Amino acid sequence: MKRSILELDLNVEEKLRKIWNENNFSLDMPIIDLQHIWLIWLLLQLEEELTNEETSESIAQMNFIISELINYTTEHFWLEECLLEFTQFPEEKEHVIQHKRFVEEISRQINNKSENRKIQISEFIGFLKNWLFGHILIEDAKYKKFFIKDAIDSKPFFEDLIKNQKSIVISKSQANLYNRICGLDSMTEVISKDIAIDVFKVWKAYSLNLKIPIIDIQHLWLVKLLVELDKANKTMTGLNRSGYFQKTIMEAIQYAKDHFTIEESIMREFQYDDFNRHFKSHRNFIESINTRNMQKKEREYSATIGLINDLKEWLISHIAIEDKQLSLFLKNHSAAMAEFIYSKKKEGVFHIQPAHIRFYLQIRKM
């Protein structure tokens, strides 16, 4: 069986250590350095994929790496943008714009179903290398110099994050890798205790807000399902983890039933010209949920990881791209759409769960 990217590989680790030290990547901010080390690790794993024959296993490995890149993007950009806002870094806006470009590329990679996987991986590796040497060594170095020049101590900011354990996630694999590369034993696993903040991080990083409340309410609940399942898969024992899987499956089925009824009714009412492709995406989502449920019943180990990756792909490719296009189209029909939604809710055709509304209102306050 092929080695997981989370397992120790001495050859890859030595390459990472050489890149890290020779290019002087360290910003002397441990958590940010940890996240940058993890990005280089993922890049090196992608390079390894180029040397492997394309099989179902190698495709699964690629999907897992992309999933980890989604996690990296969510956590790292949230942390860095909070830090820059806290320290009043004068070039914060320009820095955030570069983050958005990175997010767009991740979304494009997920949405790109290229027949030649190796060319796609090669192009993506080139993008990641440009990011490493262009963004981290140049752009990130700017705020490090700013902190030194203005005698800004960033340690209290990071210490508060670790102490409260609310808005930062550090996996055991990330902590162990950082300690090995830096010759330390100080970094430990941190598990966020606030689901709402974790959901908001994904929502913000990938710009999932369509500004259509009835749709955003349901999308937010799906992000919540993903975050809870991902956390359960990493922290719970088998029986509890299986319970969360079944809970997620049932709620995802209900999400599809309620959400697709609303979205497809709106598209029909306003004659959305890309309706057929959008409709097909909805049917593919339902099929993927049924497939994962069947895999779980057949005791396939990959069912939970597969469901997590399916939900991430749905958020980053469908909601962030296809639904965003739909929202742009509906901008010209905002008044008529509001009236249409109101009438359908009054008729009992559109259903929104009270718990979903409460969660949406909680996120809106952040």
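Predicted, not measured: the structure shown is a model, and the values here were computed from it.

Caption draft 1: Quick look at the overall build of the protein chain. Looking only at helices and strands, the protein chain has 14 helices and 0 strands in total. Taken along its principal axes, the extent of the C-alpha atoms in the protein chain is 65 × 50 × 40 Å. Looking at the protein chain residue by residue over its 366 residues, the buried ones come to 49%. Look at the contacts in the protein chain between residues 6 or more apart in sequence, and 78% of them connect residues 24 or more apart. For the protein chain, the separation between the mean place of its 49 positive charges and that of its 54 negative charges on side chains is 4 Å.

Caption draft 2: Structural context of the packing of helix H10 (residues 238–269) against helix H11 (residues 275–297). Their axes nearest at 11 Å, the elements H10 and H11 cross at an angle of 165°. Comparing the axis directions of H10 and H11 gives the class roughly antiparallel. Seen from above, H10 lies across H11 with left-handed handedness. By residue class, the composition of the contact of H10 with H11 is 13 nonpolar, 5 polar and 6 charged.

Caption draft 3: Representation of empty space enclosed by the protein within the structure. A complete count under the given rule lists 1 cavity of 30 Å³ or more for this structure. Roughly 80 Å³ of volume is contained in the largest cavity. Together, Glu49, Asn52, Glu53, Glu54, Ser58, Ile59, Met62, Arg117, Lys118 and Ile121 line the largest cavity. Taken together, the residues that form the lining of the largest cavity break down as 3 nonpolar, 2 polar and 5 charged.

Caption draft 4: Looking closely at unusual backbone geometry. Not every positive phi belongs to a glycine, and Gln88 is a case in point at roughly 55°. Structurally, Gln88 is set in the loop between helix H3 (56–86) and helix H4 (92–111). Take Gln88: its relative accessible area is 67%, and that puts it in the exposed class. The phi angle at Arg299 is positive, at roughly 65°, despite the residue not being glycine. Within the secondary structure layout, Arg299 lies in the loop between H11 and helix H12 (303–330). By relative accessible area, Arg299 is classed as exposed at 77%.

Caption draft 5: Inspection of the environment of Leu128 at higher detail. With respect to the helices and strands, Leu128 occurs in helix H5 (residues 117–149). The buried category is assigned to Leu128, whose relative accessible area is 1%. When sequence neighbours within four positions are dropped, the list of residues in contact with Leu128 reads Leu39, Leu43, Leu46 and Phe102.

Caption draft 6: Main features of helix H13 (residues 334–347). Taking 1.5 Å of rise per residue, the 14 residues of H13 would be expected to cover 20 Å, and the 20 Å separating its terminal C-alpha atoms lies within 8% of that figure. By the burial criterion, the buried members of H13 are Met337, Phe340 and Ile341. Projected down its long axis, H13 carries its buried residues within an arc of 100°, all on one side. Relative to its buried face, H13 has exposed residues pointing more than 90 degrees away, namely Ala335, Glu339, Tyr342 and Lys346.

Reading the values: rules and limits
Residues numbered from 1 in each chain as written. Predicted model: local features only at pLDDT ≥ 70, side-chain atom pairs only at ≥ 80, totals over all residues. Heavy atoms only, no water. Helix = DSSP H or I, 4+ residues; strand = E, 2+ residues; numbered from the N terminus. Buried < 20%, exposed > 50% of the residue type's maximum accessible area, 1.4 Å probe, protein only. Contact = heavy atoms within 4.5 Å. Lys, Arg positive; Asp, Glu negative; His and termini not counted. Charge placed at Lys NZ, Arg CZ, Asp CG, Glu CD. Axes fitted to C-alpha atoms, helices over the stretch in contact; angles between N-to-C directions. Parallel < 35°, antiparallel > 145°, perpendicular 65-115°, else oblique. Left-handed = near helix turned anticlockwise from the far one by under 90°. Nonpolar A, V, L, I, M, F, W, Y, C, P; charged D, E, K, R; others polar. 1 Å grid on protein atoms, 1.4 Å probe; cavity = no way out; pocket = protein on both sides within 12 Å on 5 of 7 lines; lining within 4 Å. Points joined across faces, edges and corners; volume = space filled by probe spheres on them. Expected span 1.5 Å × (residues − 1). Arc of directions from axis to C-beta.

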